[in-house]
Amino acid sequence: MATIIIDTYLCNGCATCIEMCPQVFRLDPVSNKAELIDTEIEITDDIYQAAAYCPEKCIEIKE
Ligand code: SF4
């Protein structure tokens with residue numbers, strides 16, 4: 001199973017990943033950083049796309 005890692009240090013809270021994959025990402029209301037809703041998810045193309053569109057390139061997908 002693949003794993004998604006968000007580098008919250010680099011994340012700027014732009015919410016692009018949340019707009020693209022609201023079923024996967026959400027914004028932590030306290031830190032204003034992206035986080036995963038569920039760690040056990042199937043990696044789909046739209047998740048790769050969200051990672052590609054992340055302006056800080058802080059979403060890593062490990063196969
Ligand atoms: S797209 Fe990247 S920088 Fe923007 S909220 Fe998501 S993880 Fe953070």
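Throughout what follows, the structure given in this document is the object of discussion.

Regarding helix H2 (residues 45-53)
Listed as buried for H2 are Ile47, Ala50 and Ala51. Down the axis of H2, the sector holding all buried residues measures 100 degrees, keeping them to one side. Set apart from the buried face of H2 by more than 90 degrees, the exposed residues are Asp45 and Tyr53. Elements that come into contact with the buried residues of H2 comprise strand E1 (3-6), helix H1 (16-20), strand E2 (25-27) and strand E4 (59-62).

Topic: the nonpolar core
Membership of the largest hydrophobic core comes to 21 residues, with the highest contact counts inside it found for Ile4, Cys17, Val24, Phe25, Ile47, Ile59 and Ile61. Those elements that place two or more of their residues in this core are E1, H1, strand E3 (34-36), H2 and E4. Considering each element in turn, this core owes the most residues, three residues, to H2. Setting aside chain neighbours within four positions, we find Val24 in contact with Ile4, Glu35, Leu36, Ile37, Asp38, Ile41 and Ile47.

A few points about the pattern of salt bridges
In this structure the tally under the stated criterion is one salt bridge. In this structure, Glu35 engages Arg26 in a salt bridge whose closest nitrogen and oxygen atoms are separated by 2.7 Å. Take Glu35: its relative accessible area is 25%, and that puts it in the partly exposed class.

Some points on the site of the ligand
Of all residues adjacent to the ligand, which total 13 residues, the nearest are Cys11, Cys14, Ala15, Cys17 and Cys54. Taken atom by atom, the bulk of the ligand overlaps the largest cavity.

Some thoughts on empty space enclosed by the protein
Tallying each qualifying case throughout the model produces one cavity of 30 Å³ or more. Taken as a whole, the largest cavity encloses approximately 70 Å³ of empty space. The wall of the largest cavity is formed by 16 residues, among which Cys11, Cys14, Cys17, Ala34 and Cys54 lie closest to the centre. Tallied by class, residues from the lining of the largest cavity come to 12 nonpolar, three polar and one charged.

Here we look at the pairing of E1
Burial along E1 is one-sided: Ile4 and Ile6 are buried, while Thr3 and Ile5, pointing the other way, are not. Two strands pair when backbone bridges link them, and E1 and E4 are joined in this way by four bridges, in the antiparallel orientation. Residue pairing across strands places Ile5 opposite Glu60, the latter belonging to E4.

The rules behind the values
- Residues numbered from 1 in each chain as written.
- Predicted model: local features only at pLDDT ≥ 70, side-chain atom pairs only at ≥ 80, totals over all residues.
- Heavy atoms only, no water.
- Buried < 20%, exposed > 50% of the residue type's maximum accessible area, 1.4 Å probe, protein only.
- Helix = DSSP H or I, 4+ residues; strand = E, 2+ residues; numbered from the N terminus.
- Arc of directions from axis to C-beta.
- Contact = heavy atoms within 4.5 Å.
- Core = buried A, V, L, I, M, F, W, Y, C linked by side-chain atoms within 4.5 Å.
- Salt bridge = Lys/Arg side-chain N within 4 Å of Asp/Glu carboxyl O.
- Near = heavy atom within 4 Å.
- 1 Å grid on protein atoms, 1.4 Å probe; cavity = no way out; pocket = protein on both sides within 12 Å on 5 of 7 lines; lining within 4 Å.
- Sits in = over half its atoms within 2 Å of the grid points.
- Points joined across faces, edges and corners; volume = space filled by probe spheres on them.
- Nonpolar A, V, L, I, M, F, W, Y, C, P; charged D, E, K, R; others polar.
- Pairing = 2+ DSSP bridges.

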